[in-house]
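Residue-level structure breakdown
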Amino acid sequence: MDEDQHDESGIVSVPILQVLPGDSPRLKGEDKVHVLRLAAIESPLPPILVDRRTMRVIDGIHRLMAASLKGQKTIDVQFFDGSREDAFLKAVEANVEHGLPLTQADRTAAALRILKSHPTMSDRAIAKSTGLGARAVAELRRSSDSVPHSNFRVGRDGKVRPLNGAKGRLRVAELIRENPEASLRQVARTAGVSPATALDVRRRLERGEEPVPSQGGTVSTETETPTRDHLPVPPPPVLGPPSTATLEKLMRDPSLRQSELGRRLLRMFKENVLGAKDMTDICASVPSHCIELIIQLSRHNSQIWEDFAQELNRRAQIVNPE
């Protein structure tokens, strides 16, 4: 970026076509009605948040589509530096804080995904990020079986707390016996546990019970759990089979022919379209000992083209939101 494209707040003006769709927490994709609403606003919209490394939108895809619809060539951007997992967490937090609200299904799916990518985050921290209740997050954690296990939790205050609180509880009991008049906050701070844990230990002692529950000593409202591997991706538009006429039309397009990557794409399509005519004969000619390997490779290539089509579909929604 040129120096004159920056301002003191870190906002950068970049060409719209350089910005790519991101990993949205919205299961059903973008809301076109909301895009039209934003496009009708005459005053400048807030800058969008973009992953600096990938140039993918973290927060603001509706604003990006609205800017494109209005014919803008550039858009104001603030950059985010971090991992893909942290970028998704930031996207969820941003959508919960402002803009078009996430649905209950969006927030639940996001919480599951965050549980998997950030298994040490406490239930309350994830609840705050997703707009769910802490109990709902805890239930998701208990009901899932794919989240990596961790022996500690990181709370909203950034403090690390062990899941197995047996030692901390024993220390609380010791401090309470030594100084029954000490405040629970002071005891909790000294023992390295939460005030709620300290209160629970004091009540157990008052009832004549052991400070550590007999189930094995793991005492925490934060229990271990997981998430879905990924969020559903909106399917690409259903298209008919590629035809020779379609290929010939693309072959004549100068914007493709005049770039190396464009010519490479045309060659790939040409091999696929023309080769499809001989597919029956080619299939019959495959040696029996190669069939399984070619099946695997064919499916892999098919997935590559499917991913390519989905990426183009997302890009099309930005270039032409209508």
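Up top is the structure.
Not measured: the values here are computed from a predicted model.

1. Examining the overall build of the chain
The helix and strand tally for the chain stands at 14 helices and six strands. Relative to its full complement of 322 residues, the chain shows a buried share of 35%. In the chain, the proportion of contacts linking residues at least 24 apart, taken out of those at least 6 apart, comes to 71%. Accessible surface computed for the chain: about 20,200 Å², of which carbon and sulfur atoms make up 53%.

2. Regarding the nonpolar core
One finds Val19, Ile48, Leu64 and Ile75 to be the most contacted residues of the largest nonpolar core, which totals 20 residues. Breaking this core down by element, the ones donating at least two residues are strand 1 (12–15), helix 1 (32–39), strand 2 (48–51), helix 2 (61–69) and strand 4 (74–80). Counting residues per element, this core draws most heavily on helix 2, at five residues. Apart from the residues within four sequence positions on either side, Ile48 is in contact with Val19, Val57, Asp59, Gly60, Arg63, Leu64, Ile75, Asp76, Val77 and Gln78. Residues Ala125, Ala127, Val137 and Leu140 belong to the second largest nonpolar core, which totals 17 residues.

3. Some thoughts on helix 7 (residues 166–178)
Given a rise of 1.5 Å per residue, 13 residues ought to cover 18 Å, and the 18 Å separating the end C-alpha atoms of helix 7 matches this to within 8%. Here the buried face of helix 7 lies against helix 8 (184–191) and helix 9 (195–206).

4. Some points on empty space enclosed by the protein
Take a probe with the size of a water molecule and roll it over the atoms, and the empty space left behind shows itself. Tallying each qualifying case throughout the model produces one cavity of 30 Å³ or more. When its volume is computed, the largest cavity comes out at roughly 30 Å³. Taken together, Ile176, Asn179, Pro180, Ala182, Leu184, Val187 and Arg202 form the lining of the largest cavity. Residues that form the lining of the largest cavity fall into these classes: five nonpolar, one polar and one charged.

5. A short note on helix 3 (residues 84–97)
End to end, helix 3 covers 20 Å across 14 residues, agreeing with the expected 20 Å (1.5 Å per residue, within 8%). Among the residues of helix 3, those classed as buried are Ala87, Phe88, Leu89, Ala91, Val92, Ala94 and Asn95. Buried residues along helix 3 sit against strand 2, strand 3 (57–59), strand 4, helix 4 (104–117) and helix 5 (123–130). Among the residues trailing helix 3, Gly99 stands out with phi positive, at a value near 75 degrees.

6. Digging into the packing of helix 8 against helix 9
Direction vectors running N to C along helix 8 and helix 9 enclose 110 degrees, while the axes themselves pass 8 Å from each other. The angle between the axes of helix 8 and helix 9 places the two elements in the roughly perpendicular class. Residues Leu184, Arg185 and Ala188 of helix 8 form the contact with helix 9, whose own contacting residues are Pro195, Ala198, Leu199 and Arg202. Taken together, the residues that form the contact of helix 8 with helix 9 break down as five nonpolar, no polar and two charged.

7. Describing the pairing of strand 4
Summarising the sheet, strand 1 and strand 4 pair through four bridges and their orientation is antiparallel. Looking across to strand 4, one finds that Ser13 is bridged to Asp76.

8. Examining the sheet that holds strand 3
An order of 1-4-2-3 is seen for the four strands of this open sheet, with the pairing classed as mixed. The open sheet has two free edges, formed respectively by strand 1 and strand 3, since each of these has just one partner strand. Strand after strand, the sheet turns through a mean of 55 degrees between neighbouring axes, direction not considered. Strands in contact with helix 2 are strand 2, strand 3 and strand 4; relative to strand 3, the strand with the most contacts, it is inclined by about 115 degrees. In the packing of helix 3 onto the sheet, contacts are made with strand 2, strand 3 and strand 4, and the angle to strand 3 comes to roughly 40 degrees.

9. Some remarks on the packing of aromatic side chains
Given two aromatic rings, one states the distance between the centres and the angle between the planes to describe the pair. Counted according to the given criterion, the structure contains two aromatic pairs. Summarising the aromatic geometry, the rings of Phe269 and Trp305 are spaced 5.2 Å apart at their centres and angled 35 degrees between planes, so their arrangement reads as tilted. Remark: Trp305 occurs in helix 14 (residues 291–319) and Phe269 occurs in helix 12 (residues 260–275); sequence separation between them is 36 residues. On the basis of relative accessible area, Phe269 is assigned to the partly exposed category, the value being 26%. Here Trp305 falls in the partly exposed class, since its relative accessible area comes to 25%. For the pair Trp305 and Phe308, a centre-to-centre distance of 5.7 Å together with 85 degrees between the ring planes defines the contact as edge-to-face. Taken as a pair, Trp305 and Phe308 lie in helix 14 at a separation of three residues, close to a single helical turn. For Phe308, a relative accessible area of 33% puts it in the partly exposed group. Aromatic rings pair up to connect Phe269, Trp305 and Phe308 into one cluster. The side chain of Arg113 reaches across the aromatic face of Phe88, ending 4.0 Å from its centre.

Definitions and cut-offs
- Residues numbered from 1 in each chain as written.
- Predicted model: local features only at pLDDT ≥ 70, side-chain atom pairs only at ≥ 80, totals over all residues.
- Heavy atoms only, no water.
- Helix = DSSP H or I, 4+ residues; strand = E, 2+ residues; numbered from the N terminus.
- Buried < 20%, exposed > 50% of the residue type's maximum accessible area, 1.4 Å probe, protein only.
- Contact = heavy atoms within 4.5 Å.
- Areas by Shrake-Rupley, 256 points an atom, 1.4 Å probe, with all protein chains shown as cover.
- Core = buried A, V, L, I, M, F, W, Y, C linked by side-chain atoms within 4.5 Å.
- Expected span 1.5 Å × (residues − 1).
- 1 Å grid on protein atoms, 1.4 Å probe; cavity = no way out; pocket = protein on both sides within 12 Å on 5 of 7 lines; lining within 4 Å.
- Points joined across faces, edges and corners; volume = space filled by probe spheres on them.
- Nonpolar A, V, L, I, M, F, W, Y, C, P; charged D, E, K, R; others polar.
- Axes fitted to C-alpha atoms, helices over the stretch in contact; angles between N-to-C directions.
- Parallel < 35°, antiparallel > 145°, perpendicular 65-115°, else oblique.
- Pairing = 2+ DSSP bridges.
- Phe/Tyr/Trp six-rings, centres within 6.5 Å; stacked < 30°, edge-to-face > 60°.
- Lys NZ or Arg CZ within 6 Å of the ring centre and 35° of its normal.

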